[in-house]
Amino acid sequence: MSNSLMKIEKVKAYYMLKDRYVKAVDNISFEINENEVIGVVGESGCGKSTLSNVLMMNIIKPLALIDGKILFKTNGSYKEISSLSREEVRKDFWGKKMALIPQAAMNALMPTIKIEKYVEHLADAHNIPKDKFLKKAKERFEKVDLDPKWLKRFPFELSGGMKQRAVIAIATLLDPDLLIADEPTSALDVVNQKMFLKILMEMKKQGIVKSIIFVTHDIATIRQIADRMLVMYAGKIMEISPIDKIVEKPLNPYTQGLLNSVLTPEPEIKKRGITTIPGAPPNLIDPPKGCRFHPRCPHAMDICKEKEPELKEVEPGRKVACFLYSEERS
Ligand SMILES: Nc1ncnc2c1ncn2[C@@H]1O[C@H](COP(=O)(O)OP(=O)(O)O)[C@@H](O)[C@H]1O
Ligand SMILES: [Mg+2]
């Protein structure tokens, strides 16, 4: 049996609007290995949050799973979670096998609900005695450098950094195999970012979580924590590769553009992760034909305007979707 925890096969998930659809995740395949951190990068609007939800099977209208399979390894065999309903996945997988820290999660906490209520809800959902679970929550709060007394408080009493640490402590209470964190550090200052990343890596080290999908537009963070980098553009995977190789020599011109923006000397650009690639990602209702990046690509060839490049292995462990690395170009 392979060491992948999850297999994602040709998955398409679109937002079905009245007379159009938004192709936010469009024919994506990759595997998540056990004990690895995958950093997912790409500009805003490229489908990173949609992909996070799709991996969780958290599919709520107008989003629909159009095609493909999602397999999750559980008790030594693969279960096709994409054939289950959201409710079934929620009951059997969420919290225990996989957990999501949604984008802006810390601001989604209800200001009038005490933090410990969230813990109690989770205990209820999984038929765990509340007091036993609260005890565990107290221990975990200490692990994330929060005084357990904060469990009795309201979210508005906590600072941003404290709220985000409370969110990760609660999300991982049941020791999920996979944690998906969608831009968890974007709203934090540098000190709290560092603290959050340290906690995250400590949780992995201690085996509280095994694998992590970390979504960000901050490549510098990915370089610190990830084993592999997955680059998304306009609903597609452009490149997926071990982190050291991709940083040393990015293959896809889009990856090159993203990495260049990190190497820029201007601190503001660096800090905000703004890309220096001219132009903007396309509208996903009617994306460009061929390679979706071709209108912005400095190396675009005729074939790129006509044909879609497949994500292909170009070196062991490295995959890229680009005709520059394909025999088809000539
Ligand atoms: N509820 C929705 N209805 C319609 N389109 C949506 C919805 N949510 C996101 N989208 C669209 O899906 C695309 C991908 O969005 P998203 O997954 O949020 O990207 P990212 O997280 O990379 O910024 C964008 O074009 C966005 O406008
Ligand atoms: Mg997002």
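Residues numbered from 1 in each chain as written. Chains lettered and ligands numbered in written order. Predicted model: local features only at pLDDT ≥ 70, side-chain atom pairs only at ≥ 80, totals over all residues.

Student: Explain the packing of helix α4 (residues 115-125) against helix α5 (residues 130-143) to me, please; I cannot follow it from the model alone.
Tutor: Where α4 contacts α5, the axes come no closer than 9 Å and their chain directions differ by 130 degrees. Classified by the angle their axes make, α4 and α5 are oblique. The crossing of α4 and α5 is right-handed. Contacts from Glu-116, Val-119, Glu-120, Leu-122 and Ala-123 of α4 reach α5 at Lys-130, Phe-133, Leu-134 and Ala-137. Looking at the contact of α4 with α5 residue by residue, the class counts come to six nonpolar, no polar and three charged. (Axes fitted to C-alpha atoms, helices over the stretch in contact; angles between N-to-C directions. Helix = DSSP H or I, 4+ residues; strand = E, 2+ residues; numbered from the N terminus. Parallel < 35°, antiparallel > 145°, perpendicular 65-115°, else oblique. Left-handed = near helix turned anticlockwise from the far one by under 90°. Contact = placed C-beta atoms within 7 Å. Nonpolar A, V, L, I, M, F, W, Y, C, P; charged D, E, K, R; others polar.)

Student: Explanation requested: helix α7 (residues 190-205) in the structure shown.
Tutor: For the α-helix, the turn length of 3.6 residues means that residues three or four positions removed from each other point alike. With 16 residues, α7 should cover 22 Å at 1.5 Å per step; its first-to-last C-alpha distance of 22 Å lies within 8% of that length. Burial in α7 covers these residues: Phe-196, Leu-200 and Met-203. Viewed along the axis of α7, the buried residues span an arc of 60 degrees, placing them on a single side of the element. Projecting away from the buried face of α7 at angles above 90 degrees are the exposed residues Val-190, Val-191, Glu-202 and Lys-205. Those residues of α7 that are buried are in contact with α6 (160-171) and β8 (211-215). Among the residues trailing α7, Gly-207 stands out with phi positive, at a value near 80 degrees. (Expected span 1.5 Å × (residues − 1). Buried ≥ 20, exposed ≤ 12 C-beta atoms within 10 Å, placed from the backbone. Arc of directions from axis to C-beta.)

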